[in-house]
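A look at the structure
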Amino acid sequence: MKNHAGLLLLVCLTTLPARPDTLTERLARQVFELANQERRRLGVAECAWEEHLAQAARVHRQDMCVHDFFDHASPLPGKASVEDRVRAAGGPARGNAENIYWSSGLDVRRVPQSTVKEWLESPGHRENLVDPRFQAMGLGVYCKGQEVWVTQVLSE
């Protein structure tokens, strides 16, 4: 019985997402929850959190800040497309989409709601956010002073 309890704990630890313990991780999880809330509201199945998609999102949001660009296409070698970034994070590079967001001077507590609101008001971002083909998502948030970058990566 003791071995089964240990196995159950191991299974739980490997399948549950890590508890967010930094501001950017908490913001990413809040955007994730709000995005899934909108999907449910519109009759679309929720997406599961996928860590390799979150890693691809984290890399891109930081690259945009550090290298001073705001675009889905990265000027950095090996990171040009969302597929390149997902592949580099160890995931399958097919059936991916990406949403990005940037703000400056917004109260950080309002970032999750503002992010999802802006995506829903942009036809291309809205299409990605509520596309029923997508079953998984990951998010990355990066804060520098009063600026915040958010990247969402979705996958079939």
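See the structure above.
Residues numbered from 1 in each chain as written. Predicted model: local features only at pLDDT ≥ 70, side-chain atom pairs only at ≥ 80, totals over all residues. Heavy atoms only, no water.

Examining the sheet that holds strand S4 (residues 147–155)
Sheets are built from strands that pair by backbone hydrogen bonding, the pairs being arranged parallel or antiparallel. Keep this limit in mind: Each pair of strands is called paired provided DSSP finds at least two bridges between the two strands. Strands here are runs of E lasting at least two residues and helices are runs of H or I lasting at least four, both read from the DSSP assignment and numbered beginning at the N terminus.
Across the sheet, four strands lie side by side as S1-S3-S4-S2; this open sheet has mixed pairing. Edge positions in the open sheet fall to strand S1 (48–49) and strand S2 (96–104), since each of these has one partner strand only. In this structure, S2 lies alongside S4, joined through nine bridges in antiparallel fashion. The residue of S4 that forms the bridge with Trp102 is Trp149.

Notes on the packing of aromatic side chains
What counts is decided by this rule: Here the aromatic set is Phe, Tyr and Trp, taking the six-membered ring for Trp, and pairing holds for ring centres within 6.5 Å; pairs whose planes are under 30 degrees apart are stacked, those over 60 apart are edge-to-face, and all others are tilted. Throughout this description, buried means an accessible area under 20% of the type-specific maximum (1.4 Å probe, protein chains only), exposed means over 50%, and partly exposed covers the range between. Note on criteria: charge over ring means Lys NZ or Arg CZ within 6 Å of the ring centre, with the direction from the centre no more than 35 degrees off the ring normal.
This structure, assessed with the given rule, holds two aromatic pairs. Taking the centre distance of 5.2 Å and the plane angle of 85° together, the rings of Phe32 and Trp49 count as edge-to-face. Of the two residues, Phe32 is situated in helix H2 (residues 23–41) and Trp49 in strand S1; the sequence distance between them amounts to 17 residues. When its relative accessible area of 8% is taken as the criterion, Phe32 is described as buried. For Trp49, a relative accessible area of 15% puts it in the buried group. Between Tyr142 and Trp149, the ring centres sit 6.2 Å apart and the planes meet at 55°, which makes this aromatic pair tilted. With relative accessibility at 21%, the residue Tyr142 sits in the partly exposed group. The ring of Trp49 is capped by Arg29, whose NZ or CZ atom sits 3.7 Å from the centre of that ring. When the ring centre of Phe134 is taken as reference, the NZ or CZ atom of Arg133 above it lies at 5.1 Å.

Some remarks on the pattern of salt bridges
Under the convention used in this document: By convention in these notes, a salt bridge is any Lys or Arg side-chain nitrogen within 4 Å of a carboxyl oxygen on Asp or Glu.
Inspection of the entire model under this criterion finds 10 salt bridges. Arg41 serves as the salt-bridge partner of Glu38, at 2.8 Å between the closest nitrogen and oxygen. Of the two residues, Glu38 and Arg41 both sit in helix H2, three residues apart, roughly one turn of that helix. Since its relative accessible area comes to 14%, Glu38 is described here as buried. Among the ionic pairs, Glu51 bridges to Arg58, the shortest N-O distance being 2.7 Å. Using a relative accessible area of 41% as the deciding quantity, one classes Glu51 as partly exposed. A cluster of three or more residues bridged by salt bridges with shared partners is formed by Asp131, Arg133 and Glu156.

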